[in-house]
Protein chains: 2
Amino acid sequence: MATANFADRLLAAIDQRQTPLILGLDPVYEKLPTAITSRPGMNDSTRAADCVSAMVEFCRQIIAVAATHVPAVKINSAYFERYQWMGWQAYGRLVQEARTAGLLVIGDVKRADIGHTAEQYAAATLADSDFSDLGHLGGPDAITINPYFGLDGIKPFTDTARKMGKGVFILLRTSNPSAGEIQEIPAADKRPLYQHVADLIDSWGQGLMGACGFSSVGAVVGATTRDSLIHLRRALPHTLFLIPGIGAQGGNLQDCAHVFDRAGHGAVISASRSIIFAYQDKKYAHFSDQQWSQAVLQSILDTRSEIAAALGESSP
Amino acid sequence: MATANFADRLLAAIDQRQTPLILGLDPVYEKLPTAITSRPGMNDSTRAADCVSAMVEFCRQIIAVAATHVPAVKINSAYFERYQWMGWQAYGRLVQEARTAGLLVIGDVKRADIGHTAEQYAAATLADSDFSDLGHLGGPDAITINPYFGLDGIKPFTDTARKMGKGVFILLRTSNPSAGEIQEIPAADKRPLYQHVADLIDSWGQGLMGACGFSSVGAVVGATTRDSLIHLRRALPHTLFLIPGIGAQGGNLQDCAHVFDRAGHGAVISASRSIIFAYQDKKYAHFSDQQWSQAVLQSILDTRSEIAAALGESSP
């Protein structure tokens, strides 16, 4: 059982793979390659078992090609929860598979509650669990959580993280069009709300600092504007950012460069649909349907290069 | 399939049961009566299957005694998710049981995300689902959701609610000690953040108005202070409040009276631990362990009376 600080483990994995790119697994049955969805036991979209088996097989093959090229995967639980308990079972299985393949795992579960209920969520979604009938289930190395409750909604998760060498990424500034409706409400001191949330995240992370100088309490920060990224980096010098949606959501890599230090540390950049569905991209049309996982691998390598180029160009 | 407006259905159930009290189901294996946890198949706390079977049996008996006395149950998914996929399976089963018993069901899942991911969560936690192998699973009548993403995080849920005659309760002002860290940050116009969230909830609810004059987009509002409740009722004349934590969290019933109109409409008041674990309360010590469900029933009746008295005393 890993008990080393999560931030230290994540940065070590980034150094080893030489990229801050992490791979988002948001599988959608209808978009899977026919090489998978034509197989018996995976070809009936009216059966949850078929959908889930196909999604697991798809993610398993992606994990196999990705394992030596990225430090971590981010598995989005919503795409599994869609298939009720069968989906949750598959999600748990994939967390194990990714860990076994040597990847760190971020469970993108966005949970939030207070007190005893938050403790239950921490046990459900972050802690390792041991039941004699379910066996040992290693939870993910970190999860995403929502800050709306304040510290009471954070502490049960950070307590679990501290105990088990795990981490959390707290939603801070998201890049969806309406995010500003709440996150950018100007406070009395003229600063937008999210900058106040940033102050809280900085203080919440103090107790989980790694030897690397970063905390195991990270923040989800969309690549919205160059200025907001620069500002948040200054405000949060010890916080690792999880920057989602490069590719599909169209964030700007050059802007992201400002949150990294000279060692290439400071954030993970997540790409999901642009990579896992690369075989549907005309850029990779030369791969046949059977070669879909090679298209995924090529897309991982290409995205790594784009990130390396952007970070290199903009290095301070 | 119910397609009538959720707010209309909820108020009809409140009128029929003559109380706004709803019952929160937050079962914890360790606190269940030995009459249940001594049974074979329910007595081994190291087995998820035993824990979950005991929790289902416990909730089933509570649903049976509560069904004619309260309009709805609020089932907290965290307490089930704790037991991984087995817990999720049990949660789904209890949603069905409560609906079959004639109760409305609020799934207390506090989900939040954006776009396609939020659509997956809406399908997972609010919509009815039909898979040929899992059968028809009627989702809850409403769920709780988190507003931090703004409209993008709300619309996939309200779209599902509109289509299926269901509802959502959006976290607005919670009553935990640290809630104010974010929810009460003063905005530039001097109003605390939660009042801005209230404005958004009012606008988001416009499209789901019932014949009753209330919207199917409700708000979770803790019984914090008399003034905040009065203010929120004025700001949100068409919003049903879900007021949690009466009893265990110690909200003041007299204060809650201010959010109800003369017809007794305006909110549901949820009590969880104070009722479901009533047999551990010395007030009900005269019930034997075998009679635990009678203690629960007595606590429901007592809580109904307390609410009726508080609303009667404070009626405008």
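Residues numbered from 1 in each chain as written. Chains lettered and ligands numbered in written order. Predicted model: local features only at pLDDT ≥ 70, side-chain atom pairs only at ≥ 80, totals over all residues. Heavy atoms only, no water.

A. Region of interest: the overall build of chain A. Per the secondary structure count, chain A includes 13 helices and 10 strands. Its C-alpha atoms give chain A a radius of gyration of 19 Å, near enough to 20 Å, the size a compact globule of 316 residues would have. Along the three orthogonal principal directions, the C-alpha set of chain A runs to about 60 × 50 × 35 Å. Accessible surface, chain A: about 10,900 Å² in total, of which carbon and sulfur atoms supply 50%. For chain A, the distance from the average position of its 27 positive side-chain charges to the average position of its 31 negative side-chain charges is 2 Å. (Helix = DSSP H or I, 4+ residues; strand = E, 2+ residues; numbered from the N terminus. Rg over C-alpha atoms; globule rule 2.2 N^0.38 Å. Areas by Shrake-Rupley, 256 points an atom, 1.4 Å probe, with all protein chains shown as cover. Lys, Arg positive; Asp, Glu negative; His and termini not counted. Charge placed at Lys NZ, Arg CZ, Asp CG, Glu CD.)

B. Structural context of the interface of chain B and chain A. In this complex, chain B contributes 65 residues to the contact, which on the side of chain A involves 65 residues. Carbon and sulfur atoms supply 59% of the area buried between chain B and chain A, which totals about 6,100 Å² over both sides. Of all residues in chain B, Gln 84, Trp 85 and Tyr 148 of chain B bury the most surface against chain A, accounting for 14% of the area lost on that side. The interface formed by chain B and chain A includes four salt bridges. Here Glu 81 of chain A ties to Arg 111 of chain B by a salt bridge, and the two come within 2.7 Å at their closest N and O atoms. Scanning the region where chain B abuts chain A turns up 43 residue pairs in polar contact (both at pLDDT 80 or more). (Contact = heavy atoms within 4.5 Å. Buried area = accessible area lost by both parts, 1.4 Å probe. Salt bridge = Lys/Arg side-chain N within 4 Å of Asp/Glu carboxyl O. Polar contact = N/O pair within 3.5 Å; in protein donor to acceptor, adjacent residues only side chain to side chain.)

C. Structural detail: the relation of the copies chain B and chain A. Mapping chain B onto chain A leaves a residual RMSD of 0.0 Å; the transformation is a rotation of 180 degrees accompanied by 0.0 Å of translation along its axis. Both copies of the chain, as the preceding transformation shows, are related through a two-fold rotation axis. With an isologous cut-off of 70% or more, the 100% of interface residues of chain B that recur at the interface of chain A puts this contact in the isologous class. (Least-squares fit on C-alpha atoms with pLDDT ≥ 70 in both.)

D. Just the packing of aromatic side chains, in detail. All names here are of chain A. Applying the stated criterion across every chain yields a total of 19 aromatic pairs over all chains. Through successive ring pairs, a cluster of aromatic residues spans Phe 58, Phe 277, Tyr 279 and Trp 292. A cation over an aromatic ring shows up here: Arg 82 above the ring of Tyr 83, its NZ or CZ 5.5 Å from the ring centre. When the ring centre of Tyr 194 is taken as reference, the NZ or CZ atom of Arg 173 above it lies at 5.5 Å. (Phe/Tyr/Trp six-rings, centres within 6.5 Å; stacked < 30°, edge-to-face > 60°. Lys NZ or Arg CZ within 6 Å of the ring centre and 35° of its normal.)

E. Up close: the pattern of salt bridges. Residues and elements named next belong to chain A. In total, this model carries 37 salt bridges over all chains according to the counting rule given. Of the charged contacts, one joins Glu 57 and Arg 39 as a salt bridge, the two residues approaching to 3.7 Å between their closest N and O atoms. Placement of Glu 57 in helix α3 (residues 48-66) and of Arg 39 in the loop between α2 (34-37) and α3 is noted, with a sequence separation of 18 residues between them. Between Arg 60 and Glu 97 there is a salt bridge; the shortest N-O distance is 2.9 Å. In this pair, Arg 60 is assigned in helix α3 and Glu 97 in helix α5 (residues 84-100), connecting sequence segments 37 residues apart.

F. Spatial organisation of the pairing of strand β10 (residues 267-271) of chain B. Along β10 of chain B, five of the five residues are buried, which leaves the element largely enclosed by surrounding structure. What you see with β10 of chain B is no split at all: Ala 267, Ile 269 and Ala 271 of chain B on one side and Val 268 and Ser 270 of chain B on the other are buried throughout. (Buried < 20%, exposed > 50% of the residue type's maximum accessible area, 1.4 Å probe, protein only.)

G. Local environment of unusual backbone geometry. Despite not being glycine, Gln 84 of chain A has its phi angle at roughly 50 degrees, a positive value. Along the chain, Gln 84 of chain A turns up in helix α5. Positive phi values are uncommon outside glycine, yet Lys 110 of chain B reaches one of about 45 degrees. Judged by relative accessible area, which is 8%, Lys 110 of chain B ranks as buried.

H. Focus on the confidence of the model for chain A. Averaged over all residues, the pLDDT of chain A equals 94, while 96% of them reach at least 70. ipTM for the predicted complex: 0.96, alongside a pTM of 0.97. (pLDDT = per-residue confidence, 0-100.)

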